[in-house]
Amino acid sequence: MLAPERIWWKPLGRLEKTWLTVAFVWCIFLTLMMPLWYFMGKQNVPTETYKISGADFSAKVNAFVDQYKVGEETLNGVTFPVVAPPAGSDVYLRASAWQWYPILQLEVGKTYRLHLSSMDLQHGFSLQPVNINLQVLPGYDYVATIVPTSTGDFTVVCNEFCSLGHHTMVGKIIVK
Amino acid sequence: MATLAPTTPWTAGAKDDYRVCNVTTLKVDMHTERLIIANAVMAVVTLVLGGLFALLIALTRWQAIHLLDATWFYRLLTLHGIDMLVAWIVFFEMAGLHFGSTALLNARHAAPKLAWFGWILMTIGGLMVNGVVLFDAKSIVMFSAYVPLKAHPLFYLSYILFAVGALIQVITFFINIVVAKREGKVPGSLPLAVFGLMTAAILAVYTLLEGAAAVVPAFFWSLGWMQNYDPGIYRNFFWGFGHPAQQVNLAAMVSIWYMLAQMTVGIRPVNEKFSRLAFILYLFFINLGSAHHLLVDPGLSFAWKAVNTSYAMYLAVLGSMMHAFSIPAAMEIALRAKGFTKGLFGWLRNAPWGEPGFSGMVMSMILFGWVGGVTGVTIGTEQINMLAHNTLRLPGHFHATVVGGTTTAFMAFTYYVIPLIFRKELKLKSWAKWQPYVYGFGSLLVSLGMITSGLQGVSRRNWDITFAGVVPGTVDLTLAIFGIGALIAVTGGIMYVTIVLVSILTGPRVEPTQMLLLTGTHNPLLESTKLTDRDMELPKNQPKGTLVLVFAFLAWFAIYYLTNWWLLGRTWFIR
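So, a few notes on the structure that sits alongside this text. Position numbers for residues count from 1 along each chain, tracking the sequence in the order it is written. The naming scheme follows written order: chains are lettered A onward, ligands numbered 1 onward. Thresholds applied to this predicted model are a pLDDT of at least 70 for local features of residues and 80 or more for the giving and counting of side-chain atom pairs; totals over whole chains, interfaces and linings are not thresholded and use all residues. Here the side-chain values reflect all heavy atoms present in the structure, with hydrogen atoms and water set aside.

Helix and strand counts for chain A come out as 2 helices and 12 strands. The principal-axis extent of the C-alpha atoms belonging to chain A is close to 80 × 35 × 30 Å. Of the charged side chains in chain A, 13 are positive and 13 negative, and the gap between their average positions amounts to 11 Å. A helix here means a DSSP run of H or I that spans at least four residues, while a strand means a run of E at least two residues long, and both kinds are numbered starting from the N terminus. Under the convention used here, Asp and Glu are negative, Lys and Arg are positive, and both His and the chain ends fall outside the count. The location of each charge is read from NZ of Lys, CZ of Arg, CG of Asp or CD of Glu.

The subject of this paragraph is the pairing of strand 3 (residues 78–83) of chain A. Residues and elements named next belong to chain A. Any two strands with at least two DSSP bridges between them are considered paired. Of the pairings in the sheet, the one linking strand 2 (residues 69–75) to strand 3 comprises 6 bridges and is antiparallel in character. By the bridge assignment, E72 is partnered in strand 3 with P81. Here strand 2 folds back onto strand 3 in antiparallel fashion, the turn holding 2 residues, of which N76 has a positive phi close to 50°. Here 2 bridges tie strand 3 to strand 6 (residues 103–106), and the two strands are oriented parallel to one another. Bridge pairing links V83 to L104 in strand 6.

With that out of the way, let us pick up the packing of aromatic side chains. Stacked, tilted and edge-to-face are the three classes assigned to paired rings of Phe, Tyr and Trp, where Trp is represented by its six-membered ring and a pair needs centres within 6.5 Å; plane angles under 30 degrees give stacked, over 60 edge-to-face, the rest tilted. For the structure on display, the rule yields 48 aromatic pairs over all chains. Between the aromatic rings of W257 of chain B and F368 of chain B, the centroid separation amounts to 6.0 Å while the plane-to-plane angle is 80°, which identifies the pairing as edge-to-face. With a gap of 111 residues between them, W257 of chain B in helix 6 (residues 231–264) and F368 of chain B in helix 11 (residues 356–379) connect regions that are remote in the sequence. Three exposure classes are used, based on accessible area relative to the maximum for each residue type with a 1.4 Å probe and protein chains only: buried under 20%, partly exposed in between, and exposed over 50%. Judged by relative accessible area, which is 14%, F368 of chain B ranks as buried. Relative to F557 of chain B, the ring of F553 of chain B has its centre 5.8 Å away and its plane inclined at 55°; by these criteria the two rings are tilted. Here F557 of chain B and F553 of chain B lie together in helix 18 (residues 544–569), a separation of 4 residues that amounts to about one turn. Taken as a pair, F553 of chain B and F557 of chain B share a single burial class, namely buried. An aromatic cluster is built from W26, F29 and W37 of chain A together with W370, F553, F557, Y561 and W565 of chain B, whose rings are joined through pairwise contacts. Taking the ring centre of Y140 of chain A as reference, the NZ or CZ of K51 of chain A above it sits at 4.4 Å. Two conditions define a charge located above a ring, namely a distance within 6 Å from the ring centre to NZ of Lys or CZ of Arg, and an angle within 35 degrees of the ring normal. Over the face of the ring belonging to Y38 of chain A we find R575 of chain B, whose NZ or CZ atom lies 4.9 Å from the ring centre.

It is worth spelling out the environment of I559 of chain B at this point. Tracing the backbone through its elements, the reader meets I559 of chain B in helix 18. For the pair I559 of chain B and V446 of chain B, spaced 113 residues apart in the sequence, the C-alpha separation amounts to 22 Å.

Now for the environment of S359 of chain B. All names here are of chain B. Mapped onto the elements of the fold, S359 is located in helix 11. For the pair formed by S359 and W434, sequence separation is 75 residues and the distance between their alpha carbons is 8.9 Å. When near neighbours in sequence (up to four residues on either side) are disregarded, S359 contacts W353, K433, P436 and Y437. In this structure the side chain of S359 is engaged in a polar contact, spanning 3.5 Å, whose partner is the backbone oxygen of P356. What makes two residues a contact is simply this: any of their non-hydrogen atoms within 4.5 Å. The definition of a polar contact used here is a pair of N or O atoms within 3.5 Å, where within protein one atom must be able to donate a hydrogen and the other to accept one, and adjacent residues in sequence count solely through side-chain atom pairs.

Next up on the list: the packing of helix 1 (residues 30–61) of chain B against helix 15 (residues 474–505) of chain B. Residue and element names in this part refer to chain B. Interaxial angles span 0 to 180 degrees and are taken between N-to-C directions of axes, which are lines fitted to C-alpha atoms, for helices over the stretch in contact. Two elements in contact, helix 1 and helix 15, have axes separated by 9 Å at closest approach and are oriented at 160°. Comparing the axis directions of helix 1 and helix 15 gives the class roughly antiparallel. In this structure, helix 1 meets helix 15 at a crossing whose hand is left-handed. Along the contact surface, helix 1 presents V44, L47, V48, G51, L55, A58, L59 and R61, while helix 15 presents L479, F482, A486, L487, V490, Y496 and V497. When residue character is reported, Ala, Val, Leu, Ile, Met, Phe, Trp, Tyr, Cys and Pro are called nonpolar, Asp, Glu, Lys and Arg charged, and the others, Gly included, polar. When the residues that make up the contact of helix 1 with helix 15 are grouped by side-chain class, the tally is 13 nonpolar, 1 polar and 1 charged. Small angles under 35 degrees read as roughly parallel and large ones over 145 as roughly antiparallel, with 65 to 115 read as roughly perpendicular and the rest as oblique. Left-handed describes a crossing in which the near helix is turned anticlockwise from the far one by less than a right angle; the clockwise case is right-handed.

Next up on the list: the sheet that holds strand 9 (residues 132–136) of chain A. Residue and element names in this part refer to chain A. One open sheet accounts for 7 strands, arranged 2-3-6-12-11-8-9; its pairing is mixed. Strands at the two margins of the open sheet, each flanked by one partner only, are strand 2 and strand 9. In this sheet, neighbouring strand axes are inclined to one another by 25° on average, regardless of whether the strands run parallel or antiparallel. Pairing analysis gives 3 bridges linking strand 6 to strand 12 (residues 170–175), with the strands arranged parallel. Paired with Q105 across the two strands is I174, which belongs to strand 12.

Here is the structure:
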């Protein structure tokens, strides 16, 4: 709170130097972990993105559903098509207030190119209980290349506030 | 050795309107005093609103109680974010800036009218936004108001008024410093605390301009003057405001830590260069952290995300780790110099734990660093963010930093503002003694409950997670911990508001006579000026205990951080 003495630029003490060095090394380690995982790790944030209009994305979703639909299932009172695309293919999941469309059926250990986009507001793709979370924006086609490593029924929760029915926005991915 | 400035009139023969503080011997401009009081009053008003909303929304997320309906939950959550993250904190910071740029320099307030204009704009904006969200259901858009979710134009106008008002008050801080320098009030460098507040003020300018870049177009868009507003661009600018606003808190809070340590323990900064460099690191690097909110957004490259989220090279984190050493070390030296040299932690046992300024500062440091800082760096790591984005881990992190950290420190500081600035005797002193512990412990439980819920995938800003149908039973437990913590923290908040109101509204005006509130009549601030270079360098006074503490902190940091990489490695492959 008080004015310092006139010359305060003084060498650091031994303990300060020790801590500063250790802390700086830790910061470098933190920095290096990200590129290291980028090249070596299996879980990285997708970066592939295209600009797309809502109408164009919706047309792709509909064509995708028509091509690979294998059944229907009711979720929270609404009937959704269940779609089982072949391994390696482009898979579409459409977010709108307040549903994820359609229900996807995938195979464990296979690779898929999952396209995410929103028709209206911002939404949050939150795959549970796997706990992978991505932001979904209108106008952006966000492509995540995924490999399911576990089987079962997974829930897609919306975790970005999208107006008053937000908490009812729940979708489903089945992995066999 | 630092000295207190001599008391001389500001300008010979001029109509100076000031008083001299008995405790600090500093001159307090009456304009400054009134501006501090006005800003502090609005800070407490918005804290009361935000705290009431906090109680109601916490009792809703506590699934066993689930108090409010969905609309009211989202409405009050919107207001809770705005009142707490912006209004309470920024009003308090404005009080701090007026204090730092005048009283601490023995200088006058050079632009009181401008400052009052800023305060009026902030007050109108702050109250108006509460009205808009309470009465217009369309404006329930959360604190972040993500485009294309469209609120009423008055909602955006409130933000703009508040931000412009804040910017004006910040500008008066710079005017005061320049005028003080010109009038010879600052012969050498600024005091460390003012240097820290200057850091906060510079960060605030950047923050508020970014806020304008986000919200002004949103205002035009809500009026229909602008057709399209790209949601990705909005997010970029909004978080250029939203996150740096919290970095302003950080710089202000650290300055307050230094002040409280000096006021209660009588520290002398161990090395001014070390502490100032740490502030400089904040200045240059901390605002890159805005990218933390965009880590799983479409359209941005790995390199952009990694460079920004790491504050270039975790250099802002380095700044915090430097303060985390230098403040406890200065306290350790000051206490050891008083003769508490036994063992590694004898000084800590003999610290003034009954003094709210000390206990509040320590609670704030622990919650901010050990909980908020560690979890923040971890979830702000590019890849790990996929596990955490928009889950309750995020509010878990920032309730540790902003509530447990900043708010606890600001509350503790208030107890000294009441006698020194309001010139009222602090009442309910025994409450004040316990309040930092109650509030800190409640905040700790809130954060832990949120973080552990988020680790299980529970999303934030969600009225009822049972719809998701995937919730494991342990979530009920962790959400209950969050709820109980909220009840305790709200109790601490009520204690604080009661102490402040009873002190200010009852009893006559009295000139302050002592610095410490509860633990003695000595004046640590004056004692700090008597610490000699020899005291600082004596081997038995060296801060060895602090070194042990910071290494323990680093070990905990490493464990938490690496555990999260392990968790990430277990999930689905994604690229």
